[in-house]
Amino acid sequence: MFKVLQDLQLKNAYVLHSLGLPKHQSKIYGEVDFVIVCDRGVACLEIKGGRVACVNGNWIFTDRYGIEHEKNEGPFAQVIGNMFSLRDSLKQHFCKNPHIKNMLVASGVVFPDIAFYNESQEIIPEIVYDSTTENISDYVNAVFDYWQGRAHVTPSKLPPALIKEIADYLRGDFSFSPALSDRLNETERHLVRLTAQQAQVMEALIDNLHLMIEGNAGTGKTLLALDYARKQSKQGKSVLYLTYNKNLANFLQMQLDDHERDILTIINLHALFGQYIKVDVEYMQKNVQYYFGSVLPGLFYEYLNQLSTEQIQAIQYDVIVLDEGQDIIKPDYLYSLDLLLKGGLEKGRWAVFYDDKQNIYNPEYENGIELLQSYQSAKFKLFVNCRNTVQIGTFGSRVSGVPMNEFIHENGEEVCCITYQDSDEFSVKLHQLLSQLKTEKIDLRDVVFLSPKKYSNSIVHESGIAIDELKEGGIGRKNVPQFATIQGFKGLDAKIVIMVDVERIRDEAYAQYMYIATTRARALLYIIVSDEFWRSHNAK
């Protein structure tokens, strides 16, 4: 509502956010979400975002985390009580001013996220603002009109000097500056939408048997891949959705309902192998990379080859979707997928979504691309970054050297670099940053630390702050940030990213890791790095 109220066109108007009422008529303490003071009078607005319901006389409000808050007092009774309490306070304080006696007070209820239709006894439709309301100035005037009609007296117009006195009394010097949490939420609402280019791709996906879709980080590949897989599964087809990153697979599984899980399998590549081949732990521990990169895929291919026609048909899929395709399109993997897909790669339906600049696991990428391109396929390239703000995308491009020139032009917060001299100063500055975010009403579970190292080897571990390591299991604890490796967060994103241990990225991998990590941040990016490293690296 901050941005909406910035468009308010009322004469000499002041807007105050979150005004406390220590002298409430019936409560120990009350609070008004927004107060508008203008020449027509004083109006109180009660804001109810998210889902709203009233069951058996109790109002139920559901926030963005799905948590329900139940109240026996509805928003209409609440805001009217606040209105009369504020009126009494102003009349007492300005009792000698002749304009105050017949000052008009008004109130309204705002449901910004829903269309609100209800005709029960306590609802006053004339003072409702909802998602269908087009003009905030017209709405506020209508609110004043309603309460003027109820007052049965001609209200006094408030002169500019008195308007300022009332605003100063209620809040003192007031600057219309929304909290960081509100600014980030507003940025995200603008970013979460498909571009026209992506919409065209969606239409084309329907008619092609083989698809190769390439795009930089933030261009919507996973969004398109999941939507494509869902549409195929709704046609009754069995779909295998493969990722390389198990964290991405876990996150996407949580997006499915029970019915979708029956016909849409989302799994990471090595977990798929493990469903059929028992992992030799002793052998694996000798050389983990070699075992998962060569031995296990070879055993899986041998297993599939020895199955009878009836047995292989029983486990085949109608459609295979590869997300993070750059890590999966390795010949040894593709040979097995050829057997798992009905009709094989030549005649079966498959779609690959990939970004070669995020390839950190597949040394045989070029061979895999060549193999896939031997089959006739439709190719698309996504250019527009619809995840990151201009500030984040531009910064990521500069530090990684990867051109990212096209964005949904959504401005946001500047990228912030915080430097430190030693681990003690790092700890102090990190605690200060998290404290500042909490003061700005940020839920810290919206924050993800990204590091090239595991948590136990990260400088964050030494700081002693509470964190949740990113693991299977869903949403972390309230007001507790999450920690993940850059590698383990590929394909995922977060509202706020804090990069740490940057100086410990290998030189040969620096550009690639910075490209991956910076583009994970949707709305706000922090880099916490040693002063010596940052000065020397930026000097290059």
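What you are looking at is a predicted structure, and each value in this text was computed from that prediction instead of being measured.

Caption draft 1: Here's a closer look at the pattern of salt bridges. If you walk through the whole model with that rule in mind, you get 19 salt bridges. The partner of K231 in a salt bridge is D227, and the shortest N-O contact between them spans 3.3 Å. Taken together, the residues K231 and D227, both in helix 7 (residues 221-234) and four residues apart, mark about one turn of the helix. For D227, a relative accessible area of 28% gives the class partly exposed. Residue K429 pairs with E425 through a salt bridge whose shortest N-O separation is 3.3 Å. Taken as a pair, K429 and E425 lie in helix 19 (residues 423-439) at a separation of four residues, close to a single helical turn. You can call K429 partly exposed: its relative accessible area is 25%.

Caption draft 2: How the structure looks around helix 10 (residues 269-276). Residues of helix 10 that are buried: L269, H270, L272 and F273. Taken end-on, helix 10 shows its buried residues confined to a sector of 155°, consistent with a single buried face. Taken together, the buried residues of helix 10 touch strand 10 (239-243), strand 11 (264-268), helix 12 (288-305), helix 14 (325-328) and helix 15 (331-340).

Caption draft 3: Geometry of the pairing of strand 20 (residues 521-530). In terms of burial, strand 20 is a largely internal element, nine of the ten residues being buried. Examined bridge by bridge, strand 15 (residues 416-420) and strand 20 share five bridges and lie parallel to one another. Bridging from a neighbouring strand, T419 pairs with V529 of strand 20. Summarising the sheet, strand 19 (residues 494-499) and strand 20 pair through five bridges and their orientation is parallel. Across the sheet, I498 pairs through a bridge with Y526, a residue of strand 20. You can see the chain leave strand 19, run along helix 21 (residues 510-518) and come back into strand 20, and the turn it takes is right-handed.

Caption draft 4: Geometry of the nonpolar core. Within the largest apolar cluster, 55 residues are counted, with the highest numbers of intra-cluster contacts made by V35, I36, F76, L86, W147, I166 and L170. For this core, the element with the highest residue contribution is helix 3 (residues 136-151), accounting for seven residues. Not counting the four nearest positions on each side in its chain, L170 is found in contact with L16, L19, V35, V37, L86 and L90. In terms of nonpolar packing, the next biggest core, distinct from the first, is built from 50 residues, I213, V399, V448 and W534 among them.

Caption draft 5: Local environment of the packing of helix 18 (residues 390-400) against helix 21. In contact at an axis separation of 8 Å, helix 18 and helix 21 are set at 170° when each is read in the N-to-C sense. Here helix 18 is positioned roughly antiparallel relative to helix 21, judged by the angle of their axes. Taken together, the residues of helix 21 that come into contact with helix 18 (itself represented by I392, F395, G396, V399 and S400) are Y510, A511, M514, Y515 and T518. Grouping the amino acids of the contact of helix 18 with helix 21 by side-chain chemistry returns seven nonpolar, three polar and no charged.

Caption draft 6: Broad picture of helix 12. Counted at 1.5 Å a residue, the expected span for helix 12 with its 18 residues is 26 Å, and the 25 Å between its end C-alpha atoms agrees. At V295, helix 12 shows its maximal kink, close to 30°; a proline, P297, follows between one and four residues later. For helix 12, the elements touching its buried residues are helix 10, helix 11 (281-286), helix 13 (309-315) and helix 15.

Caption draft 7: The arrangement of the side chain of Q482 in detail. Looking at the element boundaries, Q482 is found in strand 18 (residues 482-485). In contact with Q482, other than residues within four places in its own chain, are R445, V447, V448, F449, D468 and L470.

Caption draft 8: Structural detail: the sheet that holds strand 15. In spatial order, the strands read 15-20-19-16-18-17; together these six strands make up an open sheet with parallel pairing. The open sheet has two free edges, formed respectively by strand 15 and strand 17 (468-469), since each of these has just one partner strand. The strands touched by helix 19 are strand 15, strand 16 (447-451), strand 19 and strand 20; relative to strand 15, the strand with the most contacts, the crossing angle is about 150°.

Caption draft 9: Representation of empty space enclosed by the protein. Evaluated as defined, the whole model comprises one cavity of 30 Å³ or more. Computed from the structure, the largest cavity encloses a volume of approximately 40 Å³. In terms of lining residues, the largest cavity is bounded by I320, L322, L334, L337, L345, W350, V352 and L372.

Reading the values: the criteria
- Residues numbered from 1 in each chain as written.
- Predicted model: local features only at pLDDT ≥ 70, side-chain atom pairs only at ≥ 80, totals over all residues.
- Heavy atoms only, no water.
- Salt bridge = Lys/Arg side-chain N within 4 Å of Asp/Glu carboxyl O.
- Helix = DSSP H or I, 4+ residues; strand = E, 2+ residues; numbered from the N terminus.
- Buried < 20%, exposed > 50% of the residue type's maximum accessible area, 1.4 Å probe, protein only.
- Arc of directions from axis to C-beta.
- Contact = heavy atoms within 4.5 Å.
- Pairing = 2+ DSSP bridges.
- Right-handed = clockwise from strand over helix to strand, strands pointing away.
- Core = buried A, V, L, I, M, F, W, Y, C linked by side-chain atoms within 4.5 Å.
- Axes fitted to C-alpha atoms, helices over the stretch in contact; angles between N-to-C directions.
- Parallel < 35°, antiparallel > 145°, perpendicular 65-115°, else oblique.
- Nonpolar A, V, L, I, M, F, W, Y, C, P; charged D, E, K, R; others polar.
- Expected span 1.5 Å × (residues − 1).
- Bend = angle between axes of the 7 residues up to and from the residue.
- 1 Å grid on protein atoms, 1.4 Å probe; cavity = no way out; pocket = protein on both sides within 12 Å on 5 of 7 lines; lining within 4 Å.
- Points joined across faces, edges and corners; volume = space filled by probe spheres on them.

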